[in-house]
Amino acid sequence: RLMEKCVVIIPALNEEKTIGQVIDAVPELLFDGHVKLEVVVVNDGSTDQTAKKAEEHGAFVIYHASPQGVGASFSAGIREALRRKADYAVNIDADGQMNPKDIEKLLKPIVGGVADMVTASRFKDRELIPQMPKVKRWGNNRVAQVISMIVGRRYYDVSCGFRAYNRETLL
């Protein structure tokens, strides 16, 4: 099997305290050396040292002059992944809430050809539920229920920032 490429997209706004640790925890190779990972940080108008730290830790950085939001940052990351001819892309938050060591678990159904897109859940395992305002948690739960009803399959977290995609889905 030929070497494949996965671009790890990290949207970041004022995350200088955690960005280096997140980048450093991203593996270089997965699946017994068949998938090489490259890190792209989308610095969304940070006013701290996020971009500088990301570069110091080896990431390629895309700069937004002012905050454009997570959607625009994600889109910029996808464009860069496609420009780099990525076979896969993974989006992960810059705050350290998710463990980059879990990227292989997230990608496994995609690399195995059984899924085109995979998302993690912060709520399925009660031990892993993050701190967040009750109203935000309630809103996520309600939207997850609606989506679960529409698609006929149970979803626990529809706004998790830890997701993986194959090239076809990126396009």
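In this convention, every chain numbers its residues from 1, walking through the sequence in written order. Only residues with pLDDT of at least 70 are given local features in this predicted model, and only at 80 or more are side-chain atom pairs given and counted; all residues enter the totals for whole chains, interfaces and linings. Heavy atoms from the whole structure form the basis of all side-chain values; hydrogens and water molecules are not counted.

This part covers the pattern of salt bridges. The term salt bridge refers to a side-chain nitrogen of Lys or Arg lying within 4 Å of a carboxyl oxygen of Asp or Glu. Tallied over the full model, the rule gives six salt bridges. With its nearest N and O atoms 3.5 Å apart, the salt bridge here joins Lys5 to Glu38. You can see Lys5 sitting in strand E1 (residues 4-12) and its partner Glu38 sitting in strand E3 (residues 35-44), a full 33 residues away along the chain. Each residue is assigned to one of three classes by its accessible area relative to the maximum for its type, calculated with a 1.4 Å probe on protein chains only: buried under 20%, partly exposed between the two thresholds, exposed over 50%. We classify Lys5 as partly exposed; its relative accessible area is 23%. A salt bridge links Lys52 to Glu56, with the nearest nitrogen and oxygen atoms 2.8 Å apart. Of this pair, Lys52 and Glu56 both sit in helix H2 (residues 50-56), four residues apart, which is roughly one turn of that helix. Helix and strand assignments follow DSSP, with helices taken as H or I runs no shorter than four residues and strands as E runs no shorter than two, numbered in order from the N terminus.

Turning next to the packing of aromatic side chains. Only rings of Phe, Tyr and Trp enter the pairing, Trp through its six-membered ring, and a pair is recorded when the two centres are within 6.5 Å. The plane angle decides the type: under 30 degrees is stacked, over 60 is edge-to-face, the rest tilted. Scanning the model with the defined rule gives one aromatic pair in all. Just above the ring of Phe60 sits the side chain of Arg84; from NZ or CZ to the centre is 4.6 Å. Only lysine NZ and arginine CZ atoms are considered, and such an atom sits over a ring when it is within 6 Å of the ring centre and within 35 degrees of the ring normal. The cationic tip of Arg163 hangs over the ring face of Phe74; the distance from NZ or CZ to the ring centre is 5.0 Å.

What follows deals with the nonpolar core. Membership of the largest hydrophobic core comes to 33 residues, with the highest contact counts inside it found for Ile10, Val41, Ile103 and Leu107. Looking at this core, the elements with two or more residues in it are E1, helix H1 (19-25), E3, H2, strand E5 (88-91) and helix H4 (103-111). Top element by residues in this core is H4. It accounts for five residues. A contact between two residues is defined here by any heavy atoms of the two lying within 4.5 Å. With near-sequence residues (within four places) excluded, Ile10 lies in contact with Ile19, Val22, Ile23, Val39, Val40, Val41, Val42, Ile92, Asp93 and Ala94. As used in this record, nonpolar core signifies buried Ala, Val, Leu, Ile, Met, Phe, Trp, Tyr and Cys residues forming a set joined through side-chain atoms within 4.5 Å. Among the nonpolar cores identified, the runner-up in size contains twelve residues, and Val7, Ile9, Ala76 and Ala86 belong to it.

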